[in-house]
Amino acid sequence: MNLNDCNNKVKEFSRLIKEKKCNKYKGKLKVGVDLGTANIVLSVVDENNNPIAGAMKSSSVVKDGIVVDYIGATSILRKLKAEVEQIIGCELTYASTAIPPGITEGNTKVICNVVESCDMEVLNVIDEPSAAATLLKINDGAVVDVGGGTTGISIIKNGEVVFTADEPTGGTHMTLVLAGFNKISFEEAEIIKKDKKYEKDTFIIVKPVIEKMAYIVKKYIKDYDVDTIYVVGGACCFSEFEKVFKKEIKIETVKPLEPLLVTPLGIAMNCGV
């Protein structure tokens, strides 16, 4: 794994999103759509998997990998697509998308329908941890994608995914614990959870949720020879997150910079054009 290369790509992708700019490119573009529980991200890379442009919007139209607001999801993705098309100066007509491991064929079809409703042909569907593994360039290890509603696990041996699983625990559960502890609304707790100035106090409250995640991952990897765990996803952005995993599982745990953007870039990299 080349963590520096991964970190450089996500830093550049983050800059492009914030500045609403694009990089120069030659050849065909590869597009990824990540319909997450907390965010919808549209990512564009070139043939060499370098970030070209992107856009992101917070949302609540997907729950645990299931689209619960089809019209809302389509509306957000259409706006993101129009924004990126204006930045790049060309139309996006195809994309890859991703699913949490283990969701039903019917739910996968709905996710594809959202993308296709925005006038993009779905060229590939990949599970989220495997998408992250593409950017991380992992040959061996476990990728844990901690999303808003679920935590996905993929175990990789010799560059091949040999096991996947998905558990209903993630950032939403942290927010619920935080809301209950402080006796505030879910929406208020979500704002506090994402505010860096409250991170130290927040982390103490949500730490049991992270310990539970670590226990779940430990259970799944116990029969495999895993020497490194790679955590990605928006819900693992706490600075001490990976330390909890390492302490509970007793296995080296690595977290890239801006882990929220690892999977979206990996999805675009798996767009088969």
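Read on for an overview of the structure. (Residues numbered from 1 in each chain as written. Predicted model: local features only at pLDDT ≥ 70, side-chain atom pairs only at ≥ 80, totals over all residues. Heavy atoms only, no water.)

For the protein, the helix and strand inventory stands at 9 helices and 12 strands. Taking 273 residues into account, the globule formula puts the C-alpha radius of gyration at 19 Å, and the protein, at 18 Å, falls close to it. Across the 273 residues that make up the protein, the buried fraction comes to 54%. Considering only contacts in the protein between residues 6 or more positions apart, those separated by 24 or more positions represent 65%. Of the roughly 12400 Å² of accessible surface on the protein, 51% is carried by carbon and sulfur atoms. Counting 34 positive and 37 negative side-chain charges, the protein places the averaged centre of each group 5 Å from the other. (Helix = DSSP H or I, 4+ residues; strand = E, 2+ residues; numbered from the N terminus. Rg over C-alpha atoms; globule rule 2.2 N^0.38 Å. Buried < 20%, exposed > 50% of the residue type's maximum accessible area, 1.4 Å probe, protein only. Contact = heavy atoms within 4.5 Å. Areas by Shrake-Rupley, 256 points an atom, 1.4 Å probe, with all protein chains shown as cover. Lys, Arg positive; Asp, Glu negative; His and termini not counted. Charge placed at Lys NZ, Arg CZ, Asp CG, Glu CD.)

Now for helix α4 (residues 128-136). For α4, the buried fraction is high: 8 of the 9 residues fall into the buried class. Looking at the residues trailing α4, positive phi occurs at Lys-137, about 55°.

If you walk through the whole model with that rule in mind, you get 4 aromatic pairs. On the basis of an interplanar angle of 40° and a centroid distance of 5.7 Å, the ring pair of Phe-163 and Tyr-224 is categorised as tilted. Here Phe-163 is found in strand β10 (residues 160-167), whereas its partner Tyr-224 is found in the loop between α7 (199-221) and β11 (228-232), with 61 residues between them in sequence. The class of Phe-163 is partly exposed, set by a relative accessible area of 21%. Ring geometry for Phe-203 versus Phe-238: centroids 5.7 Å apart, planes at 55°, classification tilted. Here the residue Phe-203 occupies a position in helix α7, and Phe-238 occupies one in the loop between β11 and α8 (241-249), the gap between them amounting to 35 residues. With relative accessibility at 11%, the residue Phe-203 sits in the buried group. We classify Phe-238 as buried; its relative accessible area is 7%. Here a set of aromatic residues connected by ring pairs shows up, and it is made of Phe-163, Tyr-220 and Tyr-224. The residue whose ring lies beneath Lys-219 is Tyr-220, and the NZ or CZ to ring-centre distance is 5.1 Å. (Phe/Tyr/Trp six-rings, centres within 6.5 Å; stacked < 30°, edge-to-face > 60°. Lys NZ or Arg CZ within 6 Å of the ring centre and 35° of its normal.)

This paragraph deals with the sheet that holds β11. Overall, mixed pairing links the 5 strands, which are arranged β10-β9-β8-β11-β12 in an open sheet. Of all the strands in the sheet, the pair left with one neighbour each is β10 and β12 (252-254). Across the sheet, the axes of successive neighbouring strands diverge by a mean angle of 20°, strand direction being ignored. With 3 bridges connecting them, β11 and β12 associate as parallel partners. Within the sheet, the bridge partner assigned to Ile-229 lies in β12 and is Thr-253. Across the sheet, α7 touches β8 (141-146), β9 (151-157), β10 and β11, and the angle it forms with β9 is around 35°. Taken strand by strand, α8 contacts β8, β11 and β12, and its axis lies near 150° from that of β11. (Pairing = 2+ DSSP bridges. Axes fitted to C-alpha atoms, helices over the stretch in contact; angles between N-to-C directions.)

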